[in-house]
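# Architecture at a glance
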Amino acid sequence: MESDDMDYSDDDDLDDAMDYYGNEDDIDNVDPKKTDPEFFMYECLTVDEVEKVLNESVEKLSNSLKITPSLAKVLLNEHRWNSNDIIDRYRDNASNLLVSSRIKSGNGKKVAHVTLLCPVCIQSHTFDKFQNLSCGHSFCKNCWSMHFEIQVSQGISTQIRCMAAGCDVLVPEDLVLSLISRPQVRDKYNQFSFQDYVKSHPELRFCPGTNCQVIIRSQDLSSKKASCKTCQTSFCFQCGNDYHAPTNCVTIKKWLTKCADDSETANYISANTKDCPKCNICIEKNGGCNHMQCMNCKHDFCWMCLHDWKSHGSEYYECSRYKENPNIANESAHAQNLIHLQAREALKKYLHYYERWENHSKSLQLEQQTLERLKNRINEKVMKGLNSTWIDWQYLFTAATLLAKCRYTLQYTYPFAYYASMDPTSSRKDLFEYQQAQLEAEIENLSWKIERAETTDRGEIENQMDICEKRRLTLLKDFFPTTTSDMNS
Amino acid sequence: MAALPRRIIKETQRLMQEPVPGISAVPDESNARYFHVIVTGPEDSPFEGGLFKLELFLPEDYPMSAPKVRFITKIYHPNIDRLGRICLDILKDKWSPALQIRTVLLSIQALLSAPNPDDPLANDVAELWKVNEAEAIRNAKEWTQRYAMEDN
C-alpha cells in the first residue's frame, strides 16, 4: 500500500466499503501515523474550493469581530490566517493589533485634510471626489485609481499602501475594487491577491507542476511528500522542492547549491565509463544495477567502489561508507602541505558523496529504461504463449515501482550522510551508515533480480521487495524528522 | 506627445521660482520630463566643493511611479555605483506619489552627507568604507577633486 499516494479525505464511498469488508488497519489495528514515517494526510483542491475555504475564514472573523470582510482579509493575510490568534489579540488590545496589521496609522491622531487640493495631481476638486483611508490621508479618487492600476501592473495587490510619503497603512480590498474601473485590472488584482492569500496561508501550497492549478492543503506542516493528483508532481510540502527524505529541508538546499557550484569538477572527474578491475576492458554502464558482471572476463564487481562484489554480498556492505584517510594528520609536518592535503581530502570526500548521489539518480533513469525493455520481453513471451499470461507478470511492475521508490530514498541519504560526516558530534553517524549500507545492498540485490526475472522468480522477488521496503522504512523512522520542531533543531 | 500633467508643470514652476539651496534642476529644452540637475557637495562631507551633475527623468506614469535619477559625474560613494545608479529606498519600494522632484533631490543631497555602507550598491566602496573609513573618505575627496571640481 502506498499511503503517500492516497488521499484519505474524500472517496467516502470507498471508505465505507473498506469499513464493511474490513481493511488491513482493522485487522492489525495500527495507526499509520505511527507505523509509516512517510504518512501524510492532505487534499488536492481547486481554486474555487480554496476560495470557499478562505471566504469561510473571512466570514467567521468578520462576524466575530464585527468588522468588514475586507478588513478581516487584511488581518488574516497579515497574520497567516490564524483566526484564533487574531481574535485573542483583538480582545487584548484592538488598537495595537490594527496598527501592527497596518490597518490603522500608528501616529494616533487623524490628519485632517482641510484644503480641496489633491496633493498628488495638484488640482482642486469638490469634497465628494476625495477619499481617505483610516490614517486620514486624503487624495482625489482619480489619483487613487491611477495609483491602484500602476501597483497592480507591478504585481502588487494586498500590499498596496497609502499614497502619503512614509505611511504604511494598507488599502483594503473593497476600496481598491470600488475604484478600479477596467475589468482586466480588476481580474489581475483578484488573481494576485488570491496568490498572496494562498502564500500566507500555512496549510496551502500551490502545486509546483507546470501550469497546474491545483492547491494542496494539509494540516501537517512537516516535510512530507505531497503528490498532485492532477499532474502527478511530487514535492516536499514544507519547502516545495523535490521530496528529499531522510535529508531535511535546510540541508538539501545547502547540498543542491553546493552541487550546482561544484558539479563541473565532479562531472569532469566522474566519467561515464570505467575499466573492469580485473581485465581492464572499458565498460559503459547501461542498467541501474551497480552489481556489474564484466562481459569479457565474467568478473563480478561493484560499479561504485570497483571491489569484488563478493565482499558486498556478505554480511557487511561497506561501499556507501566514506573512509577517512587515517594518515592525513601524520603525513606532513609542513603546515602548508597540510592545508593542501586537507583541501584535497575535503574535495575527495565531497566527490565520494556526490558520485553516489549522481549515480543513483542515473540508476533511477536507467531502471526506467530497463523496465521498458522488460515490457517488450514480457510482451514477446506472452504473445508466444509460453506458459505465462499478462497477470503472471504484473508483479514485476509493482517490483519496479518499489525499486524506484527505494532508490530515490537511497539517493537522498547521501546529502544527509555528507553533512553528518562533517559533524563530529553526530553520535548516530555509525548507525546511519550501517542502515544506509544495508538499504543499498538490498536495493542492488532487488535491481539485479528484476533485470533477470522470470515468472518463477516471483516469490523470491516479492521477498526481496519486502526486505527493501522494510530497510527503507527503518532508516526513515530512525532518521527522518517527523515533526516540524525536529526539523529546525 | 500627451499634454504635460498639471502636476509636472506646477513642480517645474516651483523649482524655478523657489530653488532648493545647493540644487539646480532645469528641464531640457526639448523634453519637459527630462531634467539637468546639479547638486553641490554638502559642507563637512568628502564631497564638499564638488559640483555633481545628475539626470532626472519623469516616467509616463509619474507621480504614480518614481522618477529615474542617475549621477553623471563620477562619485566615490557606497550607495552609488560606477554607472551612477543610486541606492535609495524612496526611488524604489518606498516611493510615494506625494513625494516630489524637490524631495527626491534633497534626499540625494542628504545621502551625500550620510553614506550608508550597510546598504551598499557599490560593494568594494562599501567594504572599504566599513573597514577603513579614513582611506575611503580620502578616496572620495580625491575623486571629488578629480571629477567634480569646476576647473576640470
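Residues numbered from 1 in each chain as written. Chains lettered and ligands numbered in written order. Predicted model: local features only at pLDDT ≥ 70, side-chain atom pairs only at ≥ 80, totals over all residues. Heavy atoms only, no water.

### Digging into the UniProt feature "domain: RING-type" (unreviewed entry) in chain A
Under the convention used in this document: UniProt positions are given in the numbering used here, feature names are shortened, and annotations may be inferred rather than shown by experiment. Helix and strand definitions here come from DSSP, where helices need a minimum of 4 consecutive H or I residues and strands a minimum of 2 consecutive E residues; each element is numbered from the N-terminal end.
Under the local residue numbering, the UniProt record ascribes the feature "domain: RING-type" (unreviewed entry) to residues 114-323, 118-162 and 279-319 of chain A. Across residues 118-162 of chain A, the secondary structure splits into 29% helix and 20% strand, with the terminal C-alpha atoms separated by 14 Å.

### Some thoughts on the pattern of salt bridges
Residue and element names in this part refer to chain A. Our working rule: One speaks of a salt bridge when a side-chain nitrogen belonging to Lys or Arg is within 4 Å of a carboxyl oxygen belonging to Asp or Glu. Using a 1.4 Å probe on the protein chains alone, a residue whose accessible area is under 20% of its type maximum counts as buried, one over 50% counts as exposed, and one in between counts as partly exposed.
Going through the model one piece at a time under the given rule, you end up with 24 salt bridges over all chains. The residue K449 makes a salt bridge to E460 at a minimum N-O spacing of 3.5 Å. Placement of K449 in helix α16 (residues 429-451) and of E460 in helix α17 (residues 458-479) is noted, with a sequence separation of eleven residues between them. On the basis of relative accessible area, K449 is assigned to the buried category, the value being 19%. We classify E460 as partly exposed; its relative accessible area is 45%.

### Thoughts on the side chain of S222 of chain A
Residues and elements named next belong to chain A. As a reminder of what qualifies: Pairs of N or O atoms are called polar contacts if they sit within 3.5 Å, as long as, within protein, a hydrogen donor faces a hydrogen acceptor (for residues adjacent in sequence, only side-chain-to-side-chain pairs).
Looking at the element boundaries, S222 is found in the loop between β7 (215-217) and β8 (225-227). A relative accessible area of 1% means that S222 is categorised as buried. Polar contacts involving the side chain of S222 include one to the side chain of D220, which spans 2.7 Å.

### Points about the domain arrangement of chain A
All names here are of chain A. Here is the rule we go by: The source of the domain bounds is an automatic or database domain assignment. Pairs of residues are marked as contacts when any of their non-hydrogen atoms sit within 4.5 Å. Take the accessible area each of two parts loses on contact, using a 1.4 Å probe, and add the two losses: that sum is the buried area. When residues are sorted by character, Ala, Val, Leu, Ile, Met, Phe, Trp, Tyr, Cys and Pro go into the nonpolar class, Asp, Glu, Lys and Arg into the charged class, and all the rest, Gly among them, into the polar class.
We note that the domain assignment places domain 1 (1-91 + 208-243), domain 2 (100-201) and domain 3 (249-479) within chain A. Opposite the twelve residues of domain 1 that make contact, domain 3 presents nine residues. In this assembly, domain 1 packs against domain 3 so that about 900 Å² is buried in total across both faces, 59% of it on carbon and sulfur atoms. Put simply, domain 1 and domain 3 have one salt bridge between them. One salt bridge in this structure joins E38 and R472, with 2.4 Å as the shortest N-O distance. For the pair domain 1 and domain 3, the interface holds two residue pairs in polar contact (both at pLDDT 80 or more). Here the side of domain 1 that touches domain 3 is composed, by residue class, of four nonpolar, three polar and five charged.

### As for the interface of chain B and chain A
The interface is formed by 14 residues belonging to chain B together with 15 residues belonging to chain A. Of the roughly 1,200 Å² buried at the junction of chain B and chain A (both faces included), carbon and sulfur atoms supply 63%. Ranking the residues of chain B by area buried against chain A places R6, R7 and M64 of chain B at the top, with a combined share of 44%. Counting across the chain B and chain A interface gives zero salt bridges. In this structure, the connection of chain B to chain A is made through five residue pairs in polar contact (both at pLDDT 80 or more).

### Examining empty space enclosed by the protein
All names here are of chain A. Rules: Lining residues are those with an atom within 4 Å of a point, where the points come from a 1 Å grid over the protein atoms alone and group into cavities, where a 1.4 Å probe fits but cannot get out, or pockets, open sets with protein on both sides within 12 Å along at least five of seven lines. Grid points are joined across faces, edges and corners, and a volume is the space filled by probe spheres set on the points.
Considering all chains together, one arrives at one cavity of 30 Å³ or more under this definition. Of the voids in this model, the largest cavity is the one considered here, and its volume is about 80 Å³. Around the largest cavity, the lining residues are S70, K73, V74, N77, E78, T158, L170, V171, E173, Y189 and Y197. Looking at the lining of the largest cavity, the elements with two or more residues in it are α5 (69-78) and α10 (183-200). Considering every element that reaches the lining of the largest cavity, the biggest residue donor is α5, with five residues. When the residues that make up the lining of the largest cavity are grouped by side-chain class, the tally is five nonpolar, three polar and three charged. Looking at which domains feed residues into the lining of the largest cavity, each of domain 1 (1-91 + 208-243) and domain 2 (100-201) gives three or more.

### Considerations on the packing of helix α4 (residues 47-65) of chain A against helix α6 (residues 83-92) of chain A
Residue and element names in this part refer to chain A. Using the following cut-off: To define axes, lines are fitted to C-alpha atoms, for helices over the stretch in contact only, and angles between the resulting N-to-C directions are given on a 0 to 180 degree scale. For this classification, under 35 degrees means roughly parallel, over 145 means roughly antiparallel, 65 to 115 means roughly perpendicular, and everything else is oblique. By definition, turning the near helix anticlockwise from the far helix through less than a right angle yields a left-handed crossing, and turning it clockwise yields a right-handed one.
One can describe the packing of α4 onto α6 by two numbers: an axis separation of 11 Å at closest approach and a directional angle of 15°. As summarised for this structure, α4 and α6 are arranged roughly parallel, according to the angle between their axes. Along this stretch, α4 crosses α6, giving a crossing that reads as right-handed. Contact residues: α4 offers L61, S64 and L65, while α6 offers S83, I86, I87, Y90 and R91. Taken together, the residues of the contact of α4 with α6 break down into five nonpolar, two polar and one charged.

### Regarding the environment of P277 of chain A
Topologically, P277 of chain A is positioned in the loop between β10 (273-275) and β11 (282-284). Contacts of P277 of chain A, omitting those with residues within four sequence positions, involve H299, F301 and L306 of chain A.

### A few points about the UniProt feature "coiled-coil region" (unreviewed entry) in chain A
UniProt records the feature "coiled-coil region" (unreviewed entry) at residues 354-384 of chain A, using the numbering of this structure. Spanning residues 354-384 of chain A, this segment combines 100% helix with 0% strand, and its end C-alpha atoms are found 45 Å apart.

### Some words on the packing of aromatic side chains
Definition in use: In this scheme Phe, Tyr and Trp rings, the latter by its six-membered ring, pair at centre separations within 6.5 Å, and the angle between planes marks the pair as stacked below 30 degrees, edge-to-face above 60, and tilted otherwise. Charge-over-ring contacts are defined here by two conditions on Lys NZ or Arg CZ: a distance within 6 Å of the ring centre and an angle within 35 degrees of the ring normal.
One pass over the structure, following the stated rule, counts 27 aromatic pairs over all chains. Judged by centre distance (6.4 Å) and plane angle (50°), the rings of Y353 of chain A and Y414 of chain A are tilted. Highlighted residues: Y353 of chain A in helix α13 (residues 335-384) and Y414 of chain A in helix α15 (residues 413-422), separated in sequence by 61 residues. There is no split in this pair, since Y353 of chain A and Y414 of chain A are both buried. By the ring-pair criterion, three or more aromatic residues cluster together here, those being W255, Y350, Y353, Y354, W357, Y408, Y412, Y414, Y418 and Y419 of chain A. Stacked on the ring of F237 of chain A, the Lys or Arg R205 of chain A has its end atom at 4.4 Å from the ring centre. Taking the ring centre of Y147 of chain B as reference, the NZ or CZ of K74 of chain B above it sits at 5.5 Å.

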